[in-house]
Amino acid sequence: MPAIDRLPEASLDVVLPAFNEAANLPGLFAQLRQALAPLTPHWRVLLVDDGSTDDTGAVALAARDAGLPLRYVRLSRNFGKEAALTAGLALADADRVLLMDADGQHAPELVTQMHEAWLRGADMACAVRANRDEEGPLKRWGTRLFYRLVNASTRLTIPPDAGDFRLLDRRVVQALNALPERNRFMKGLYAWVGYRTEFLPYTPRPRAHGRSHFSLPRLLNLAFNGVTAFTNLPLRMSSLLGAVVACCALAYGVFLVVEHLLYGHPIPGWPTVVVGMMFFSGVQLLSIGLLGEYVGRIFDEVKQRPLYLVAQDTGPAS
Ligand code: UDP
Ligand code: MG
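Since the structure is predicted, the reported quantities are computational estimates derived from the model, not experimental observations.

What counts and how
- Residues numbered from 1 in each chain as written.
- Chains lettered and ligands numbered in written order.
- Predicted model: local features only at pLDDT ≥ 70, side-chain atom pairs only at ≥ 80, totals over all residues.
- Axes fitted to C-alpha atoms, helices over the stretch in contact; angles between N-to-C directions.
- Helix = DSSP H or I, 4+ residues; strand = E, 2+ residues; numbered from the N terminus.
- Left-handed = near helix turned anticlockwise from the far one by under 90°.
- Contact = placed C-beta atoms within 7 Å.
- Nonpolar A, V, L, I, M, F, W, Y, C, P; charged D, E, K, R; others polar.
- Parallel < 35°, antiparallel > 145°, perpendicular 65-115°, else oblique.
- Near = placed C-beta within 6 Å.
- Pairing = 2+ DSSP bridges.
- Domains from an automatic or database assignment.
- Buried ≥ 20, exposed ≤ 12 C-beta atoms within 10 Å, placed from the backbone.
- Arc of directions from axis to C-beta.
- Right-handed = clockwise from strand over helix to strand, strands pointing away.

Draft legend 1. A look at the packing of helix H1 (residues 25-36) against helix H2 (residues 56-65). It is the contact of H1 with H2, at a shortest axis distance of 10 Å, that shows an interaxial angle of 35°. Crossing geometry of H1 relative to H2 is assigned as right-handed. Taken together, the residues of H2 that come into contact with H1 (itself represented by Leu25, Pro26 and Phe29) are Thr56, Val59, Ala60 and Ala63. By residue class, the composition of the contact of H1 with H2 is six nonpolar, one polar and no charged.

As C-alpha cells, then:
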C-alpha cells in the first residue's frame with residue numbers, strides 16, 4: 001500500500017560526488033535526464049566537486065548554462081568521497097535524495113525501481129551488487145573478512161554488497177545529517193539510522209573513463225576507519241589476548257616450579273626469557289598501537305573541525 005505522503009512528483013536531488021570525472025559527466029547527465037524526466041518534473045543535480053584538478057567544474061557549469069537543473073558546489077580541496085557525500089546530503093533539500101557515483105558505474109535506469117520502492121513506502125532503496133566478478137580474489141576476500149568482522153561485533157548488519165548507490169527519503173537524510181561524528185563511514189551510518197530499507201540487485205557497469213580512486217592502501221584505510229568507527233572489538237580482542245597470554249605464562253611458571261621441586265631439573269633460563277620477552281613486547285606494542293588508534297579518533301572528534309569547506313556554490317538550480 002503506498003504511503004499517503006508519497007507522491008510520484010515529489011522532488012528529487014541527485015547528489016554526485018565527483019573527483020576528476022570531467023570525461024564521465026556529459027554522458028551521465030544525458031542518462032540522468034532520460035531516467036529522471038519520466039519520474040518527476042522536480043529533479044535537480046547537486047554536483048559536489050571534491051577538489052578536482054581537471055575540467056570537472058567547467059563541464060558541470062557548461063551543462064548548467066545549457067539548461068540542466070544543476071547546482072555546482074566545489075569543496076576547497078579533495079576531502080574524500082565520504083566528506084563529499086556528507087556535503088551533498090547537507091545541502092540537498094528535496095523530498096528525497098539519490099546518491100550515486102559520477103563515473104557512470106551506477107546505471108541511472110535503476111532509479112525507476114528505487115522510485116517505485118519509495119512509492120511503496122521504503123525510506124531507503126539501496127542498490128546491491130549482484131556479483132563481484134570483476135574484482136580480484138584479494139579484494140573479494142578482504143571485503144568479506146571486513147564485513148564479517150564488523151557485523152560480528154555490532155548489533156547492526158551492514159550488508160556487504162550495498163554501496164553508496166541509494167535513494168533516501170527526506171527523514172533518512174535528516175537523520176544522517178544529525179549524526180555528529182567526524183569519522184563518516186557512510187555504509188555504517190546508513191545501517192545505523194535504520195528505517196525501512198529495500199534492496200535492489202544490480203550489476204555495476206565498468207567505469208566509463210579513468211580509473212578507480214580507491215587503491216588497495218586507500219581501501220585498507222577505509223576498512224580500518226570503518227572498524228574503529230563502529231566497534232571496539234579490536235580493543236576487547238587485545239584485552240582478551242593479554243588475558244590468555246598471562247594465563248599461559250602463569251601456567252608455564254607453575255609447571256617449571258613444580259618440575260624443579262619434584263625432579264630437580266634446572267630451570268632452562270635464557271631461551272625462555274628471550275622468547276617470553278619478545279612475545280610480550282610484541283603483544284604490548286600491538287595493544288598500545290590499537291589503543292592509540294582509538295585515541296587518535298577521539299582527537300579527531302574533539303578538534304571539531306568542519307568535515308569539508310565549500311569554495312564555490314552556484315546556489316540551487318532554478
Ligand atoms: N570520489 C570523490 N572523492 C574522492 C574519490 C572519489 O568524490 O576522493 C568520487 C568519484 O569521483 C566517484 C565516486 O566517488 O564519483 C566513486 O569513486 P571511484 O569510482 O573512484 O571508486 P570505486 O567505484 O572504485 O568504488
Ligand atoms: Mg567507480
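Draft legend 2. Geometry of the packing of helix H5 (residues 137-153) against helix H8 (residues 216-230). At their nearest, the axes of H5 and H8 sit 10 Å apart, and the two run at 5° to each other. When the interaxial angle is binned, H5 and H8 end up roughly parallel. Between H5 and H8, the residues in contact are Phe146, Leu149 and Val150 and Ala223, Gly226, Val227 and Phe230, respectively. Classifying every residue of the contact of H5 with H8 by side-chain character gives six nonpolar, one polar and no charged.

Draft legend 3. Up close: the site of ligand 1. In the vicinity of ligand 1, 16 residues are found, and the nearest of them are Pro17, Phe19, Asp50, Ser212 and His213. Within the residue set of the shell around ligand 1, elements represented by two or more residues are strand S1 (12-18) and helix H3 (81-91). Residues belonging to the shell around ligand 1 are distributed by class as follows: six nonpolar, five polar and five charged.

Draft legend 4. View of the sheet that holds strand S5 (residues 124-129). If you trace the eight strands from one edge of the open sheet to the other, you get S7-S5-S6-S4-S1-S2-S3-S8, paired in mixed fashion. The two strands at the open ends of the sheet, each matched to only one other strand, are strand S7 (197-202) and strand S8 (310-313). Strand-to-strand twist of the sheet, defined as the mean angle between neighbouring strand axes without regard to direction, takes the value 20°. Looking at chain direction, strand S4 (residues 96-99) and strand S6 (residues 162-169) are connected through four bridges and run antiparallel. By the bridge assignment for S6, Leu99 is matched with Arg166. Across the sheet, H3 is in contact with S1, strand S2 (43-49), strand S3 (70-75), S4 and S6; its angle to S1 comes to roughly 155°.

Draft legend 5. How the structure looks around the domain arrangement of the protein chain. Each assigned domain of the protein chain is listed here: domain 1 (12-216 + 306-313) and domain 2 (232-303). On a C-alpha basis, the centroid separation for the pair domain 1 and domain 2 is 44 Å. Tallying the contact residues gives five residues for domain 1 and four residues for domain 2. Residue composition of the side of domain 1 that touches domain 2, grouped by class: one nonpolar, two polar and two charged.

Draft legend 6. Structural view of the environment of Ala117. Looking at the secondary structure, you find Ala117 in helix H4 (residues 110-119). Residue classification places Ala117 among the buried residues on the basis of 20 C-beta atoms within 10 Å. Spatially, the C-alpha atom of Ala117 lies 9.1 Å from that of Leu200, the residues being 83 residues apart in sequence. Sequence-distant contacts of Ala117, defined by excluding residues within four places in its chain, comprise Ala122, Ala125, Glu198 and Leu200.

Draft legend 7. Layout of H4. Of the residues making up H4, those classed as buried are Leu110, Val111, Met114, His115, Ala117 and Trp118. Looking straight down H4, one finds that the buried residues subtend no more than 160° of arc, so they occupy a single side. Residues of H4 that are buried in the fold lie against H1, S4, S5, S6 and S7. Just past H4, the residue Gly121 takes up positive phi, approximately 115°.

Draft legend 8. View of the environment of Tyr202. Relative to the helices and strands, Tyr202 is located in strand S7. Tyr202 has contacts with Ala107, Leu110, Ala127, Arg129 and Ala130, leaving out every residue within four places of it along the chain.

Draft legend 9. The pairing of S2, seen in detail. Of all seven residues in S2, seven are buried; the element is thus mostly enclosed. The pairing of S2 with S3 spans five bridges and is classified as parallel. Within S3, the position partnered with Leu47 by the bridge is Tyr72. What joins S2 to S3 is H2, and the crossover it makes is right-handed.

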